[in-house]
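Residue strings, one per chain:
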Amino acid sequence: WDELNNHYKVDSVLITSINQTDREMIEFDSDLLTFKIEGKYNIVDLYPSFVNIVARDIPSLTGVKYSQKKSKGNNQFRLMAKMRDFGPIRNLFMPDFEFSDKARFSGRFDDLEQTYTFNFAADTMILKNKKVYDLKMYSNNKNDAMNIYAQSDFIQLFDTIGFQNFKIETAVRDGLVDFKLG
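Bear in mind the structure is a predicted one, so any value in this text is a computation, not a measurement. All residue numbers here refer to positions counted from 1 along the written sequence of the relevant chain. Reporting of local features is limited, given that this is a predicted model, to residues whose pLDDT is at least 70; pairs of side-chain atoms are given and counted only at 80 or more, and all residues count toward the totals for whole chains, interfaces and linings. Derived side-chain values reflect all non-hydrogen atoms in the structure, with water molecules and hydrogen atoms excluded from consideration.

**Notes on the overall build of the protein**
Along its length, the protein carries two helices and 13 strands. With respect to the principal axes defined by its C-alpha atoms, the protein has extents near 55 × 45 × 30 Å. We call a residue buried when its accessible area falls under 20% of the maximum for its residue type, exposed when it is over 50%, and partly exposed in between, using a 1.4 Å probe and counting protein chains only. The proportion of buried residues among the 182 residues of the protein is 32%. The contact rule is simple, with two residues in contact once any of their heavy atoms fall within 4.5 Å. Considering only contacts in the protein between residues 6 or more positions apart, those separated by 24 or more positions represent 42%. Using a 1.4 Å probe, the Shrake-Rupley method yields the accessible areas, and only the shown protein chains count as cover for residues. Of the roughly 12100 Å² that the protein leaves accessible, carbon and sulfur atoms contribute 55%. Counting from the N terminus, the helices are DSSP H or I runs at least four residues long and the strands are E runs at least two residues long.

**Quick notes on the pairing of strand S13 (residues 176-181)**
Here S13 lies mainly on the outside; zero of its six residues are buried. Note on pairing: two strands pair once DSSP finds at least 2 bridges between them. Pairing of strand S12 (residues 162-173) with S13, which is carried by six bridges, proceeds in the antiparallel orientation. Within the sheet, the bridge partner assigned to alanine 171 lies in S13 and is aspartate 178. Between S12 and S13, which pair antiparallel and follow one another directly, the connecting turn spans two residues, one of which, aspartate 174, has a positive phi of 55 degrees.

**Looking at the packing of aromatic side chains**
A pair of aromatic rings is counted whenever rings of Phe, Tyr or Trp (Trp by its six-membered ring) have centres within 6.5 Å, and the orientation is called stacked for planes under 30 degrees apart, edge-to-face for over 60 and tilted otherwise. Per the stated rule, a full pass over the model turns up six aromatic pairs. An angle of 70 degrees between the planes, with centres 5.5 Å apart, marks the rings of phenylalanine 99 and phenylalanine 120 as edge-to-face. Here phenylalanine 99 is found in strand S7 (residues 97-99), whereas its partner phenylalanine 120 is found in strand S9 (residues 115-127), with 21 residues between them in sequence. On the accessibility criterion, phenylalanine 99 (15% relative accessible area) is buried. Cluster of aromatic residues (ring-pair linked, three or more members): Phe97, Phe99 and Phe120.

**Some thoughts on the environment of glycine 175**
Relative to the helices and strands, glycine 175 resides in the loop between S12 and S13. Along the backbone, glycine 175 and leucine 14 are 161 residues apart, and their C-alpha atoms lie at a distance of 42 Å.

**With respect to the environment of proline 95**
Along the polypeptide, proline 95 turns up in the loop between helix H2 (87-93) and S7. Judged by relative accessible area, which is 57%, proline 95 ranks as exposed. Taking C-alpha positions, proline 95 is 9.0 Å from leucine 127, a pair spaced 32 residues apart along the chain.

**A word on the pattern of salt bridges**
Every case where a carboxyl oxygen of Asp or Glu lies within 4 Å of a side-chain nitrogen of Lys or Arg is listed as a salt bridge. Following the criterion strictly, the structure yields two salt bridges and no others. Lysine 36 is the partner of glutamate 38 in a salt bridge, and the nearest nitrogen-oxygen pair spans 3.9 Å. Where aspartate 134 meets lysine 136, a salt bridge forms, and the shortest distance between an N and an O atom there is 2.8 Å. For lysine 136, a relative accessible area of 36% gives the class partly exposed.

**Things to note about unusual backbone geometry**
Residues other than glycine seldom take positive phi values, yet asparagine 129 does so here, at roughly 65 degrees. With respect to the helices and strands, asparagine 129 occurs in the loop between S9 and strand S10 (130-140). Judged by its relative accessible area of 67%, asparagine 129 falls in the exposed class. Despite not being glycine, asparagine 165 has its phi angle at roughly 50 degrees, a positive value.

**Some details on the pairing of strand S4 (residues 23-30)**
Pairing geometry for strand S3 (residues 13-20) and S4, over eight bridges, is antiparallel. In the strand pairing of S4, asparagine 19 is matched with glutamate 24. In this structure, the hairpin formed by S3 and S4 is closed by a connection of two residues. Bridge count for S4 against strand S5 (residues 33-40) is five bridges, and the pairing is antiparallel. For isoleucine 26, the partnering residue across the bridge sits in S5 and is isoleucine 37.

**Thoughts on a negative patch on the surface**
Here a patch means residues that are over 30% exposed by relative accessible area and free of salt bridges, tied together within 9 Å if like-charged and within 5 Å if nonpolar (Val, Leu, Ile, Met, Phe, Trp, Tyr). In summary, the charge assignment counts Lys and Arg as positive and Asp and Glu as negative, without counting His or the chain termini. Charge positions come from single atoms, namely NZ of Lys, CZ of Arg, CG of Asp or CD of Glu. On the surface, a cluster of negative charge is contributed by Asp85, Glu98, Asp101 and Asp123. Mapped onto the secondary structure, glutamate 98 falls in strand S7. Taking the relative accessible area as the measure of exposure, glutamate 98 reaches 36% and is therefore partly exposed.

Laid out in structure tokens, this is it:
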């Protein structure tokens with residue numbers, strides 16, 4: 001396809017679906033990305049369930065009000081995404097943002113327990129020519145808070161100045177943000 005004066009081509013797409021009593025899975029595999037969701041899920045309820053749980057942890061989220069009744073408990077799954085080529089995403093949505101080919105995203109979601117965890121890792125990330133090395137991020141909503149942990153071996157601020165061994169822990173609880181820097 002053509003977008004913003006660039007031509008993008010996807011050579012192959014493979015969609016695999018398994019629906020057994022003890023296992024449901026949909027996997028989308030292409031030369032651009034791999035995405036897999038496995039567990040129990042109802043595609044129609046997926047997005048509303050996720051937004052509902054996030055609204056519980058971020059009460060200031062506009063246009064969404066958390067309700068325990070909105071969760072039907074039928075979405076319990078693991079998900080994984082791996083971009084093989086960040087070029088089209090970067091060019092279309094984030095032209096100043098670049099990930100290494102080793103970047104990974106994964107997570108779990110449980111509608112019944114009202115919990116989620118997300119993991120992201122990239123050995124190199126570049127934003128407006130500033131580099132971040134060995135970034136690892138982890139988020140969950142345990143202990144009645146939305147928690148985000150991140151660490152990096154190096155975050156460049158200027159040409160020769162940056163943070164080494166940077167760590168941050170944040171918790172959003174009752175609309176308030178608590179954080180630790182290290």
